[in-house]
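This is what each chain is made of:
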Amino acid sequence: MKTLPEDFIFGGATAAYQAEGATQEDGKGPVAWDSYLKENYWYTAEPASDFYHKYPIDLQLAKEFGVNGIRVSIAWSRIFPNGYGKVNQKGIDFYHKLFEECHKHGVEPFVTLHHFDTPATLHKKGDFLNRDIIEHFVNYAQFCFEEFPEVNYWTTFNEIGPIGDSQYLVGKFPPGIKYDLAKVFQSHHNMMVAHAKAIKSFKDKGYSGEIGIVHSLPMKYPKDPNKAADVRATELEDIIHNRFILDATYKGEYSDFTMEGVDHILSVNGGELDLREEDFQALRAAKDLNDFLGINYYMSDWIEAFDGETEITHNGRGKKGSSKYQIKGVGRRAMDVDVPRNDWDWIIYPQGLYDQIMRVKRDYPNYKKIYITENGLGYKDDFINDTVEDHARIDYVKRHLEAVSDAITDGANVQGYFIWSLMDVFSWSNGYEKRYGLFYVDFETQKRYPKKSAYWYKKIAETKVID
């Protein structure tokens, strides 16, 4: 049997907008999602899991089930309703109470500053395509570093890659723009500059604790590794989703290989980037300051060469086989590979997590340490007799923990795993039917029920043996 280290963090992950509810309570400012969900989807974030009021219950459950770390995010617009300027004291008070409750239950909070929820005032001005937001984000981060000394682990951004991808390529996040690759790369770049400036400020001012960033890193494989065109398509897809942001994080610049790929993609799809020398000065100053990298991993993709037009169909309802993802000048995600998928067409491939960890270790040796900050199975849970017999989720997590164990054995410094999610929350573009939690949430009554996976996870946390 495979094992994990004695000091390993067994965590559960959440995000403010997906869990808190209370979207207009106690002075919280609006975010773009408030109106975007009403206009484009069949659900809203109200009341979500009502974590704003139920967090003591969730933290008590975490303690009872061996969860010793929790990812939470601060809702920027709870602190600064407009993103800058006037401060909302009730928002500050809430997070002090939340962090106090975490420590009371022996659950270490890993706190993210931005988890997809830019304040509406700034989002309307272009979000991270507008360079003015960089200063606003850094000021917000500095305020939080000063205000919350009880936080020992800070994350600047959650998933820069999927933000740009979902806002400007797939069009499933506000503002709902599709197929604009230049905006994708520009958003990635500007957010990485904001990260670099925030982390440099944290270190310069000597705050205690650690700070890092969380990247979603889906592994990419060529459908036919002996076919040069498939290999090239895979390289380009990897640049969009992985290499561009990893280079910015740990190299402080984009390698020649990366930029050649970016230039090719833009030559086919149009658009130019605004990359300034002062940006690279900031990136270079921060490249060795990351105390940790959070890896969010859910799936891998097999890529094949493709000559047609861009067409992306998002499977939001869990109708298996309804996805399509092909990018002009890049490639197409193959649907006919013999690898299991969930109902949302996410390929289940634990080896991809191992390969991605080892890729970071090999290509970015200044990474210091890794936490697996999200991993889990989106599932249509059957709630029967006050529980969920979620054997598929147990198998999924077991095999991914085995991949982590193998990576540690092979020399990677991985120090924790956070299952997505601690309790059921709403999924940004999939609603409430897609559940991930260790604890089932009845969204009408807000009562929590441990799933079979919660009992299994508790045993793993106690024994450190992956059984």
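This section reports on the structure supplied with the text. For clarity, every value in this text was computed on a predicted model and none was experimentally measured. (Residues numbered from 1 in each chain as written. Predicted model: local features only at pLDDT ≥ 70, side-chain atom pairs only at ≥ 80, totals over all residues. Heavy atoms only, no water.)

Examining unusual backbone geometry
Cis geometry marks the peptide bond from Glu46 to Pro47, where omega comes out at 0 degrees. In this structure, Pro47 sits in the loop between helix 2 (32–40) and helix 3 (51–64). Note the cis peptide between Pro174 and Pro175, where omega equals 15 degrees. Inspection of the secondary structure puts Pro175 in the loop between helix 8 (160–168) and helix 9 (181–204). The phi torsion at Glu159 lies on the positive side, around 60 degrees, for a residue other than glycine. Checked against the element boundaries, Glu159 lands in the loop between strand 5 (153–158) and helix 8. Here the phi dihedral of Asp345 falls at roughly 70 degrees; this positive angle occurs in a residue that is not glycine. Summarising the element assignment, Asp345 is placed in the loop between strand 12 (331–333) and helix 13 (350–363). Classification of Asp345 by relative accessible area gives buried; the value is 7%. (Helix = DSSP H or I, 4+ residues; strand = E, 2+ residues; numbered from the N terminus. Buried < 20%, exposed > 50% of the residue type's maximum accessible area, 1.4 Å probe, protein only.)

Notes on the pairing of strand 4 (residues 108–114)
In terms of residue burial, strand 4 counts as a mostly covered element, since 7 of its 7 residues are buried. With 5 bridges joining them, strand 3 (residues 69–73) and strand 4 adopt parallel strand pairing. Paired with Gly69 across the bridge in strand 4 is Glu108. Across 4 bridges, the pairing between strand 4 and strand 5 is parallel. Pairing of Val111 across the sheet is with Trp154, part of strand 5. (Pairing = 2+ DSSP bridges.)

Focus on helix 11 (residues 256–269)
Two residues of an α-helix separated by three or four positions point the same way, owing to the 3.6 residues in each turn. For helix 11, built from 14 residues, the straight-helix expectation of 20 Å at 1.5 Å per residue is met to within 8% by its first-to-last C-alpha distance of 20 Å. Residues of helix 11 that are buried include every one of Thr258, Met259, Gly261, Val262, Ile265 and Leu266, and no others. Buried residues along helix 11 cover an arc of 160 degrees about the axis, so they all sit on one side. In this structure, helix 11 carries Asp256 and Ser267 as exposed residues pointing more than 90 degrees from its buried face. For helix 11, the elements touching its buried residues are helix 9 and helix 10 (228–250). Just beyond helix 11, the residue with positive phi is Gly270, at close to 90 degrees. (Expected span 1.5 Å × (residues − 1). Arc of directions from axis to C-beta. Contact = heavy atoms within 4.5 Å.)

So, the pattern of salt bridges
Tallied over the entire structure, the rule returns 39 salt bridges. Notably, a salt bridge pairs Lys200 with Asp204, separated by 2.9 Å at the nearest N-O pair. Separated by 4 residues within a single helix, Lys200 and Asp204 lie in helix 9, roughly one turn from each other. Judged by its relative accessible area of 29%, Lys200 falls in the partly exposed class. Residue Arg332 is joined to Glu304 by a salt bridge in which the shortest nitrogen-to-oxygen separation is 3.2 Å. In this pair, Arg332 is assigned in strand 12 and Glu304 in strand 9 (residues 300–304), connecting sequence segments 28 residues apart. Of the residues examined, Glu304 reaches a relative accessible area of 16% and is grouped as buried. When salt bridges that share partners are traced, they join Asp381, Asp390, Arg393, Asp424, Arg435 and Lys451 into one network. (Salt bridge = Lys/Arg side-chain N within 4 Å of Asp/Glu carboxyl O.)

Looking at the nonpolar core
The biggest cluster of nonpolar side chains holds 154 residues, and the ones touching the most others in it are Ile74, Tyr95, Leu98, Phe148, Trp154, Ile295 and Ile357. In terms of residue count, helix 9 provides more of this core than any other element does, 12 residues in total. When sequence neighbours within four positions are dropped, the list of residues in contact with Phe148 reads Ile74, Ile79, Ile92, Tyr95, His96, Phe99 and Trp154. (Core = buried A, V, L, I, M, F, W, Y, C linked by side-chain atoms within 4.5 Å.)

Digging into the sheet that holds strand 11 (residues 324–327)
In space, the 5 strands of this open sheet follow the order 7-9-12-11-10, with mixed pairing throughout. Here the strands that pair on one side only, and so sit at the sheet edges, are strand 7 (219–222) and strand 10 (311–313). Going from strand to strand, the sheet's axes swing by 30 degrees on average, the running direction of each strand aside. Of the pairings in the sheet, the one linking strand 9 to strand 12 comprises 2 bridges and is antiparallel in character. (Axes fitted to C-alpha atoms, helices over the stretch in contact; angles between N-to-C directions.)

A word on the sheet that holds strand 8 (residues 292–296)
Ordered by their spatial adjacency, 8 strands build a closed barrel running 2-3-4-5-6-8-13-16, and the pairing between neighbours is parallel. Neighbour to neighbour, the strand axes of the sheet diverge by 25 degrees on average, direction disregarded. The strands touched by helix 9 within the sheet are strand 4, strand 5 and strand 6 (210–216), with strand 6 carrying the most contacts at an inclination of about 165 degrees.

By themselves, these are just geometric observations and shouldn't be taken as functional.
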